[in-house]
Amino acid sequence: MSHSPASGPDRRTVFRGAALTSGAAVLGGAFTVSTAHADPVRIAEPALYTRNDWNARTPSSPVQVLAEPPTQIVVHHTATPNTDDLSEDAALALSSSIQDFHMDTQGWIDAGQQLTISRGGHIMEGRDRALPAIREGTQCVGTHVANHNNTTIGIENEGTYTDVEPTSELIDALVETLAWLCEAYGLNPDAIVGHRDFNSTECSGEVLYGMLPELREQTMSVLEAKGVQVPPSARVDPADAPTYPAVPDDEPDHAFYHGPVRGPDDISR
Ligand SMILES: [Zn+2]
């Protein structure tokens, strides 16, 4: 199998122009196709594999897209083995297996997460419409963090990081992705959080969770180096965030399980 990751910057520019145009229409402004006043895109979209590349199944129902962008980026681990297979084929197979599990076992309409990163550093589109939503600054509602799906975007990082670090390939791709998302959604890197900040879960693993301060710093460095206007920090103390549900004694021990992903406050399916 041979796939080329989509090359983004040109298409991104087109999409962003389209989003601004439709935004003007929504606000009742004059139609214009000019993007002369648009902020320049400084962080290129990472090379990534679209749903077509991994032969994604059609969602069982249309996914929801909200006009409001997400306010936080949630880092997860997939709770799957720490494979040594860093190939593209392994990455595409991972996306398929996650989608199958979420649709056939969990009964959701599609893969729960918006983006997936393999241990080889391959980045994949997850839920349907995730990529167009990022490009236009809207929110494709996923199913990955209970009671906060309406306001967050989730990245599934392949592996289980309770006591080992991710590969350098994964970390490099994750920082690239985080910087891209921060610019696309106008977020300060303090918006990068872990699943356990919201729900009672081991996810994203003690080690990967512990790397979040470093990941925020690396992301900020990328943004500053590219001259991106970073908004002020809007950090909320995770201790003040409600967790859901009550703390379980042990995580269920099976692949893909990484804590609560849907709650009564969510509109996601
Ligand atoms: Zn998680």
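Everything below is about the structure shown above.
Residues numbered from 1 in each chain as written. Predicted model: local features only at pLDDT ≥ 70, side-chain atom pairs only at ≥ 80, totals over all residues. Heavy atoms only, no water.

Student: Tell me about the overall build of the chain, and name the residues and values.
Tutor: Within the chain one finds six helices and seven strands. Reading the helices (α) and strands (β) of the chain from amino to carboxyl end gives α-β-β-α-β-β-α-β-β-α-β-α-α. Counting over 269 residues, the chain shows a buried share of 50%. Expressed as a percentage of contacts within the chain between residues at least 6 apart in sequence, the contacts between residues at least 24 apart total 79%. (Helix = DSSP H or I, 4+ residues; strand = E, 2+ residues; numbered from the N terminus. Buried < 20%, exposed > 50% of the residue type's maximum accessible area, 1.4 Å probe, protein only. Contact = heavy atoms within 4.5 Å.)

Student: If you had to explain the nonpolar core to someone new, which residues and values would you point to?
Tutor: For soluble globular proteins, nonpolar side chains are generally found buried alongside one another. Counting 33 residues, the largest nonpolar core has Ile73, Ile134, Ile155, Trp180, Leu181 and Leu215 as its most contacted members. Of all the secondary-structure elements, those providing two or more residues to this core are β2 (72-77), β3 (115-117), α3 (130-136), β6 (152-157), α4 (168-185) and α6 (212-225). Top contributing element to this core by residue count: α4, with 12 residues. Residues Tyr49, Trp54, Ala91 and Met124 belong to the second largest nonpolar core, which totals five residues. (Core = buried A, V, L, I, M, F, W, Y, C linked by side-chain atoms within 4.5 Å.)

Student: Account for the sheet that holds β3, with residues named and values stated.
Tutor: Overall, mixed pairing links the five strands, which are arranged β4-β3-β6-β2-β7 in an open sheet. Two strands bound the open sheet, and with one partner strand each, they are β4 (123-125) and β7 (192-194). Taken pair by pair, the neighbouring strands of this sheet meet at an average axis angle of 30°, ignoring direction. Alignment of β3 against β4, held across three bridges, turns out to be antiparallel. Its bridge partner being in β4, leucine 115 is matched across the sheet by glutamate 125. Where α4 meets the sheet, its contacts fall on β2, β3, β4, β6 and β7, and the angle it forms with β6 comes to roughly 170°. (Pairing = 2+ DSSP bridges. Axes fitted to C-alpha atoms, helices over the stretch in contact; angles between N-to-C directions.)

Student: Would you mind going over the pairing of β6 in detail, with residue names and values included?
Tutor: On a regular strand, one side chain projects to one face of the sheet and the next to the other, so that they alternate. Most of β6 is tucked away: six of the six residues are buried. Burial of β6 is two-sided: the residues Thr152, Gly154 and Glu156 facing one way and the residues Ile153, Ile155 and Asn157 facing the other way are all buried. When β2 meets β6, the two strands line up parallel, connected through six bridges. Within β6, the position partnered with histidine 76 by the bridge is glutamate 156. In the sheet, β3 pairs with β6 via three bridges, with the strands oriented parallel. Residue leucine 115 lies in a different strand from β6, and its bridge partner there is isoleucine 155.

Student: Tell me about the side chain of threonine 219, and please be specific about residues and values.
Tutor: Relative to the assigned elements, threonine 219 resides in helix α6. There is a polar contact of 2.7 Å between the side chain of threonine 219 and the backbone oxygen of leucine 215. Each residue touching threonine 219, except ones within four places of it in the same chain, is listed here: Val175, Leu178, Ala179, Cys182, Pro189 and Ile192. (Polar contact = N/O pair within 3.5 Å; in protein donor to acceptor, adjacent residues only side chain to side chain.)

Student: Could you give me a rundown of helix α2 (residues 88-105), with the residues and numbers involved?
Tutor: Between its terminal C-alpha atoms α2 stretches 25 Å, which fits the 26 Å expected from 18 residues at 1.5 Å a residue. Regarding α2, the residues found buried are Glu88, Ala91, Leu92, Leu94, Ser95, Ile98, Gln99, Phe101, His102 and Met103. Structurally, α2 contributes buried residues whose contacts are with β3 and β4. The first or second residue beyond α2 is glycine 107, which carries a positive phi of 80°. (Expected span 1.5 Å × (residues − 1).)

Student: Let's hear about the packing of aromatic side chains: which residues, and what values?
Tutor: Throughout the structure, instances matching the rule amount to zero aromatic pairs. Over the face of the ring belonging to tyrosine 209 we find arginine 196, whose NZ or CZ atom lies 4.7 Å from the ring centre. (Phe/Tyr/Trp six-rings, centres within 6.5 Å; stacked < 30°, edge-to-face > 60°. Lys NZ or Arg CZ within 6 Å of the ring centre and 35° of its normal.)

Student: Summarise the environment of proline 189; cite the residues concerned and give the values.
Tutor: Tracing the backbone through its elements, the reader meets proline 189 in the loop between α4 and β7. Distance from proline 189 to isoleucine 73, taken between C-alpha atoms, is 8.8 Å for residues 116 residues apart in sequence. Not counting the four nearest positions on each side in its chain, proline 189 is found in contact with Cys182, Arg216, Thr219, Met220, Leu223 and Val230.

Student: Requested: an account of the pattern of salt bridges, with residues and values cited.
Tutor: Throughout the structure, instances matching the rule amount to seven salt bridges. Note that arginine 51 is salt-bridged to aspartate 110, the shortest N-O span being 3.0 Å. In this pair, arginine 51 is assigned in the loop between α1 (9-26) and β1 (65-66) and aspartate 110 in the loop between α2 and β3, connecting sequence segments 59 residues apart. Here the two residues arginine 51 and aspartate 110 agree in accessibility, since each one is buried. We note a salt bridge from aspartate 100 to arginine 57, for which the minimum N-O separation is 2.7 Å. (Salt bridge = Lys/Arg side-chain N within 4 Å of Asp/Glu carboxyl O.)

Student: Help me get a handle on the packing of α4 against α6, residues and values and all.
Tutor: Running from amino to carboxyl end, α4 crosses α6 at an angle of 60°, the nearest separation of the two axes being 9 Å. Taken together, the axis directions place α4 and α6 in an arrangement best described as oblique. Between α4 and α6 lies a crossing of right-handed hand. Together, Ile171, Leu174, Val175, Leu178, Ala179, Cys182 and Glu183 of α4 and Leu215, Gln218, Thr219, Val222 and Leu223 of α6 make up the contact between the two elements. (Parallel < 35°, antiparallel > 145°, perpendicular 65-115°, else oblique. Left-handed = near helix turned anticlockwise from the far one by under 90°.)

Function-wise, these values are silent; they only describe arrangement.
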